[in-house]
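Listed below are the residues making up each chain.
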Amino acid sequence: MKRIILSIITLFAISCKDNAPQQNKEEEITFKNNQVIIPESSPVLKKIKTITVSDQEYNHDITSVGTIEAIPNNYAEIASPFSGRITKAFVNIGQKVSAGSPLFEVLSSGYLDVQKEYSDALNEAGLAEKKYKRQQDLVKHGLGIQKELEESETEFKNKRISLTNASTALKIYNSQSKGSGGLIVRAPISGEIISNKIVTGQYLREDAEPVMIVAELSKVWISGEVKEKDLRFIKNGDQVSVKVNTYPDRAITGKVYHINDWVDEATRSIKVLIQCENPDRTLKPGMFATITYSTDSENTIIIPTSALMQKDDNQYVWIKTGKNQFMKRNITTAEASEKTVKITSGLKSGDEIMTTGGIYLLDVK
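All residue numbers refer to positions counted from 1 along the written sequence of the respective chain. Selection of residues for local features in this predicted model requires a pLDDT of at least 70, selection of side-chain atom pairs for listing and counting requires 80 or more, and totals for whole chains, interfaces and linings are taken over all residues. For the side-chain quantities, the full set of heavy atoms in the structure was used; hydrogens and water were omitted.

### Quick look at the overall build of the protein
And then number 1: Scanning the protein for helices and strands turns up 4 helices and 24 strands.
And then number 2: Scored against the burial criterion, the 365 residues of the protein give a buried share of 36%.
And then number 3: Contacts between residues were defined by any pair of non-hydrogen atoms, one from each residue, lying within 4.5 Å. Partitioning the intrachain contacts of the protein with sequence separation of at least 6 by distance along the chain shows that 70% fall at a separation of at least 24.
And then number 4: Of the roughly 21700 Å² of accessible surface on the protein, 49% is carried by carbon and sulfur atoms. The numbering of helices and of strands both runs from the N terminus, where a helix is a DSSP run of H or I of at least 4 residues and a strand a run of E of at least 2. Using a 1.4 Å probe on the protein chains alone, a residue whose accessible area is under 20% of its type maximum counts as buried, one over 50% counts as exposed, and one in between counts as partly exposed. Computed by Shrake-Rupley with a 1.4 Å probe, the accessible areas treat only the displayed protein chains as cover when residues are assessed.

As structure tokens, this is what we get:
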């Protein structure tokens, strides 16, 4: 920030010194007892303007850029779990669907294998159960052998576990589908079809890219970054204002949803997620947004940038100490804009400072 301020002051100094009024002996500015004394006859005096500073309410607004994203839990990329050929599509792009709604049907030998495994496991579990019950009945009537009963019990338990596993696998692939015997792929979430690459008859590999995307966009995230030094001003739940180029006149608000727990070492920034309501779906994933975080206000002294002087690494202002008399006062600054600078130390309410003309005093010793 000091470099920016120094550049502004340097350009201002070059411009003003070229036009500085010429002085004769009687008009010379003198330095005595750490104070600059400007004669009444000096043309420099006419160039000087002052203001009396006072505490002002100041809001430390932080601005960053971000990208609109779909909320991960409200976003699903759909692919076929098996290699196979698409036999039917049930939805079109832009259509709203509920969780469990059929999306498309794929005829797959892999799915038929899963069905066969379930059928085999069901049959084997049934046979094992009959054998176990028969051994129980034999032992009960003194005709069976205890060891054979225990073996049949173990076999029955193992077959039941295999059946449970096969049943679970089949449920994952929507085993309730009927008809042609193909696998019906269903929507895992409620939302809208925002991408659809389904072509009836096309062959899909099980490792193919997703062919359909379902998203619920009534709420979206905006992913942005905040500088490490500004993190103390932001907390979860804070309300922020958002602007997007597509709708420059629209007022959009959001809330800080999550602040990452680590700092990007390359940029010294921290990722912040903003959640926004999006009932009309006008905020689209991929759009750029400008985020403004409004922090708590404070009372502090703000001065015009033109009043700030700089020599080497020291920043200072000219304080009026009497009629046509000024004294240099070192100060420290914080945030600066094109027109104003926030003062953190060196000035108090009631001080009268020079806002214009200080450039003519640079050579005064």
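### A word on the pairing of strand E21 (residues 314-322)
And then number 1: Two strands are counted as paired when DSSP detects at least two bridges linking them. The pairing of strand E20 (residues 309-311) with E21 spans 3 bridges and is antiparallel. Looking at E21, one finds that Gln310 is bridged to Gln315.
And then number 2: Here E20 folds back onto E21 in antiparallel fashion, the turn holding 2 residues, of which Asp312 has a positive phi close to 55°.
And then number 3: Sheet topology places E21 next to strand E22 (residues 325-336); 7 bridges connect them, and they run antiparallel. Residue pairing across strands places Ile319 opposite Met327, the latter belonging to E22.
And then number 4: Between E21 and the antiparallel strand that follows it, E22, lie 2 residues; Asn324 among them carries a positive phi value of about 60°.

### Observations concerning the sheet that holds strand E5 (residues 62-70)
And then number 1: Taking strand neighbours around the barrel as the criterion, the 6 strands line up as E5-E14-E17-E16-E15-E18 in a closed arrangement whose pairing is antiparallel. Across this sheet, the average inter-strand angle for adjacent strands is 40°, counted without regard to direction.
And then number 2: Summarising the sheet, E5 and strand E18 (residues 288-293) pair through 6 bridges and their orientation is antiparallel. Bridge pairing links Gly66 to Ala289 in E18. Every axis corresponds to a line fitted to the C-alpha atoms, with the helix fit spanning only the stretch in contact, and the corresponding angles, defined between N-to-C directions, vary from 0 to 180 degrees.

### A few points about the environment of Ser152
And then number 1: With respect to the helices, strands and loops of the structure, Ser152 is situated in helix H4 (residues 146-172).
And then number 2: Sequence spacing of Ser152 and Ala128 is 24 residues, and the spatial spacing of their C-alpha atoms is 7.0 Å.
And then number 3: Excluding residues that lie within four positions of it along the chain, Ser152 makes contacts with Lys131, Tyr132 and Gln135.

### Description of the pattern of salt bridges
Pairs can form between side chains of opposite charge once their charged atoms are near each other.
And then number 1: We define a salt bridge as a contact between a side-chain nitrogen of Lys or Arg and a carboxyl oxygen of Asp or Glu at a distance within 4 Å. Within this structure, the stated rule accounts for 15 salt bridges.
And then number 2: The partner of Glu129 in a salt bridge is Lys133, and the shortest N-O contact between them spans 3.4 Å. With Glu129 and Lys133 both in helix H3 (residues 109-140) and 4 residues apart, this pair spans about one turn of that helix.
And then number 3: Residue classification places Lys133 among the partly exposed residues on the basis of a relative accessible area of 49%.
And then number 4: In this structure, Lys229 engages Asp230 in a salt bridge whose closest nitrogen and oxygen atoms are separated by 3.3 Å.
And then number 5: Take Lys229: its relative accessible area is 57%, and that puts it in the exposed class.
And then number 6: The buried category is assigned to Asp230, whose relative accessible area is 8%.

### What to know about the confidence of the model for the protein
And then number 1: Every residue gets a pLDDT, meaning the predictor's confidence in that residue, from 0 to 100. Per-residue confidence for the protein averages 83 on the pLDDT scale, and 85% of its residues sit at or above 70.
And then number 2: Here helix H1 (residues 2-18) is the element of the protein with the lowest mean pLDDT, 47, and strand E17 (residues 269-277) is the one with the highest, 95.
And then number 3: Note on residues 1-17: pLDDT is under 50 here. Beyond four places in sequence and across chains, it has 25 contacts.
And then number 4: Low pLDDT (under 50) marks residues 175-179, which in the prediction has 7 contacts with non-local residues, meaning those over four places away or in another chain.

### Quick look at the environment of Ser41
And then number 1: If you trace the backbone, Ser41 turns up in the loop between strand E2 (35-37) and helix H2 (43-47).
And then number 2: On the basis of relative accessible area, Ser41 is assigned to the partly exposed category, the value being 45%.
And then number 3: Along the backbone, Ser41 and Glu28 are 13 residues apart, and their C-alpha atoms lie at a distance of 9.1 Å.

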